[in-house]
Amino acid sequence: MCRDLTHTLRALRSQISDLTETLYELTEHLREKPDLDEAIALMEPLLDEYTGLPVQLGDTMRALARAVLAHPDIPNRTAVHALVDDLRTASWEQTDQHTLHYTLDNLRTLVRSAPSTATGS
């Protein structure tokens, strides 16, 4: 493997690790009962209909499935095909969650229509 590719892969692994850490931090923040408008705004990019996590993760799992099938040195092709089928099934189930952006829109509407309450009430 050439040096540039090794460096690129190392950087990509680091970015993925940073991403999962950021998701963990977001989860912890949401557990602390933040302002609902803020919480919804934080979730918007994650649940975007076209570029959000459901679509991206589904695409990534399908890409992994293709990469596995294209690898010539994998033994036990029958087992590989079964595992690839699992990946593909999960990827489509994940992608189907792209409609969560509608849920987020509906939550936003409900939050904005709720009567205001004074702090400390």
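Note that this is a predicted model, so its numbers are computed, not measured.

Peer 1: I'm lost on the packing of helix H3 (residues 53–70) against helix H4 (residues 77–95) in this one. Help?
Peer 2: The relative placement of two packed helices comes down to the angle between their axes together with the axis-to-axis distance. Where H3 contacts H4, the two axes come as close as 8 Å, and the packing angle between them is 165 degrees. Between H3 and H4, the interaxial angle falls into the category roughly antiparallel. For the element pair H3 and H4, the recorded crossing hand is left-handed. Seen from H3, the contacting residues are Leu53, Pro54, Val55, Leu57, Gly58, Asp59, Met61, Arg62, Leu64, Ala65, Val68 and Leu69; seen from H4, they are Arg77, Val80, His81, Val84, Leu87, Arg88, Ala90, Ser91, Trp92, Gln94 and Thr95.

Peer 1: Please explain the side chain of Arg108 as it appears in this structure.
Peer 2: With respect to the helices, strands and loops of the structure, Arg108 is situated in helix H5 (residues 100–113). Other than its neighbours up to four places away in sequence, Arg108 contacts Ile40 and Glu44.

Peer 1: Can you walk me through the packing of aromatic side chains in this structure?
Peer 2: This model, assessed by the stated rule, comprises zero aromatic pairs. Above the ring of Trp92, the side-chain terminus of Arg62 is found at 3.9 Å from the ring centroid.

Peer 1: Which parts of the structure should I look at to understand H4?
Peer 2: Structural remark: α-helix, 3.6 residues per turn; residues separated by three or four positions point the same way. Here H4 spans 26 Å end to end across 19 residues, near enough to the 27 Å set by a 1.5 Å rise per residue. Those residues of H4 that sit buried are Val80, Val84, Ser91 and Thr95. Buried residues of H4 fall within an arc of 40 degrees about the axis and therefore sit on the same side. Set apart from the buried face of H4 by more than 90 degrees, the exposed residues are Thr78, Leu83 and Asp86. The inward-facing, buried residues of H4 contact H3.

Peer 1: What exactly am I supposed to notice about unusual backbone geometry here?
Peer 2: Apart from glycine, the bulk of residues carry a negative phi angle, and the bulk of peptide bonds sit in the trans form. If you check the backbone angles, Lys33 has positive phi at about 55 degrees while not being a glycine. Residue position: Lys33 is located in the loop between helix H1 (3–31) and helix H2 (36–43). Accessibility expressed as a relative area gives 75% for Lys33, which makes it exposed.

Peer 1: Looking at this model, I keep getting lost on the pattern of salt bridges. Mind explaining?
Peer 2: Tallying each qualifying case throughout the model produces four salt bridges. Where Arg31 meets Glu28, a salt bridge forms, and the shortest distance between an N and an O atom there is 2.6 Å. Note that Arg31 and Glu28 are positioned in helix H1 at a spacing of three residues, about one turn of the helix. For Arg31, a relative accessible area of 60% corresponds to the exposed category. Given a relative accessible area of 27%, Glu28 falls into the partly exposed group.

Peer 1: So what exactly am I meant to see when it comes to the side chain of Arg62 here?
Peer 2: Among the secondary structure elements, Arg62 is positioned in helix H3. At 2.5 Å, the side chain of Arg62 forms a polar contact with the side chain of Asp59. A polar side-chain atom of Arg62 sits 3.3 Å from a polar atom in the side chain of Thr95.

Peer 1: Even after reading the chapter, I still don't get the packing of H2 against H5, so can you show me in this structure?
Peer 2: Running from amino to carboxyl end, H2 crosses H5 at an angle of 165 degrees, the nearest separation of the two axes being 10 Å. When the interaxial angle is binned, H2 and H5 end up roughly antiparallel. Along this stretch, H2 crosses H5, giving a crossing that reads as left-handed. Along the contact surface, H2 presents Leu36, Asp37, Ile40 and Met43, while H5 presents Leu104, Leu107, Arg108, Val111 and Arg112. The class makeup of the residues in the contact of H2 with H5 is six nonpolar, no polar and three charged.

Definitions and cut-offs
Residues numbered from 1 in each chain as written. Predicted model: local features only at pLDDT ≥ 70, side-chain atom pairs only at ≥ 80, totals over all residues. Heavy atoms only, no water. Axes fitted to C-alpha atoms, helices over the stretch in contact; angles between N-to-C directions. Helix = DSSP H or I, 4+ residues; strand = E, 2+ residues; numbered from the N terminus. Parallel < 35°, antiparallel > 145°, perpendicular 65-115°, else oblique. Left-handed = near helix turned anticlockwise from the far one by under 90°. Contact = heavy atoms within 4.5 Å. Phe/Tyr/Trp six-rings, centres within 6.5 Å; stacked < 30°, edge-to-face > 60°. Lys NZ or Arg CZ within 6 Å of the ring centre and 35° of its normal. Expected span 1.5 Å × (residues − 1). Buried < 20%, exposed > 50% of the residue type's maximum accessible area, 1.4 Å probe, protein only. Arc of directions from axis to C-beta. Salt bridge = Lys/Arg side-chain N within 4 Å of Asp/Glu carboxyl O. Polar contact = N/O pair within 3.5 Å; in protein donor to acceptor, adjacent residues only side chain to side chain. Nonpolar A, V, L, I, M, F, W, Y, C, P; charged D, E, K, R; others polar.

That's the geometry; what it means functionally is another story.
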